[in-house]
Amino acid sequence: MGLHFRRNPDGTTTGRNEANGLTVTLADAEEVKRQLYEDAGWEYSPPPPPLPPGRHRFTLVHEESGACGFGDERYAGLRARPPEGCVPVDRGWFALECERPGRTLVDAVAGTVAQVRREHGLVMNSLGVEKPQEWFDPGHKDGHAAQIVAHLVLTAADRARLLGYRRKDVVRLLDATGIE
């Protein structure tokens, strides 16, 4: 069974339950999600209240192939002394649920990744986003689309490192796109 959500050009959101064909289109995306979860028999949890300007909510994950979980000894220091505003959680891998300051969400993520690397020698390499191709939120630098951008950049940097690419190779690729 799958639930699919799409943001429409008119600002509405359409959700569809593939199992029974239920389709809902409303202006309130969260209400679409609630109705589809209810229809699927899934537990629905409303989103947490918005944070004040300049604060951002995200989950950083350390994903690594092989057997390493939340209790791995490499995470002992980070479990004991996480960055301010972050709480260690077990997501099958080690993760930090964070509410941190930053000019944008990407700034908050970058600052937290740098702090963890500097203080604990660990590179957080994901935001744990599933199906990153499912996004649409242009013009909103701090929404779900921003989480996906940060997730993809962290994942790409980690995988480039595993393949033997260096920082300058990745930066050259980014520069080649011409983004300012």
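You'll find the structure just up there.
Everything numeric here is computed off the predicted structure, so don't read it as measured data.

The rules behind these values
- Residues numbered from 1 in each chain as written.
- Predicted model: local features only at pLDDT ≥ 70, side-chain atom pairs only at ≥ 80, totals over all residues.
- Heavy atoms only, no water.
- Helix = DSSP H or I, 4+ residues; strand = E, 2+ residues; numbered from the N terminus.
- Buried < 20%, exposed > 50% of the residue type's maximum accessible area, 1.4 Å probe, protein only.
- Contact = heavy atoms within 4.5 Å.
- Areas by Shrake-Rupley, 256 points an atom, 1.4 Å probe, with all protein chains shown as cover.
- Pairing = 2+ DSSP bridges.
- Axes fitted to C-alpha atoms, helices over the stretch in contact; angles between N-to-C directions.

**Student:** Explain the overall build of the chain to me, and be specific about the residues and the numbers.
**Tutor:** Tallying secondary structure elements over the chain gives 5 helices and 6 strands in all. Taken from the N to the C terminus, the helices and strands of the chain come in the order β-β-β-α-β-α-β-β-α-α-α. Each principal axis of the C-alpha atoms in the chain carries an extent, and together these give about 45 × 40 × 35 Å. Across the 180 residues in the chain, those meeting the buried criterion constitute 32%. Restricting the contact set of the chain to residue pairs at least 6 apart, pairs at least 24 apart contribute 47%. Total accessible area on the chain is roughly 11600 Å²; 54% of this is exposed by carbon and sulfur atoms.

**Student:** Quick one: what's the story with the sheet that holds strand 4 (residues 55-62), residue by residue and with numbers?
**Tutor:** Strand order in the open sheet formed by 3 strands is 4-6-5, and the pairing between neighbours is antiparallel. Edge positions in the sheet fall to strand 4 and strand 5 (86-90), since each of these pairs with one other strand and no more. Pairwise comparison of adjacent strand axes, ignoring direction, gives a mean angle of 20° for this sheet. Across 8 bridges, the pairing between strand 4 and strand 6 (residues 94-101) is antiparallel. If you follow Thr59 over to strand 6, its bridge partner there is Glu97. The strands that helix 3 (residues 105-120) touches are strand 4, strand 5 and strand 6; relative to strand 4, the one it contacts most, it runs at about 45°.

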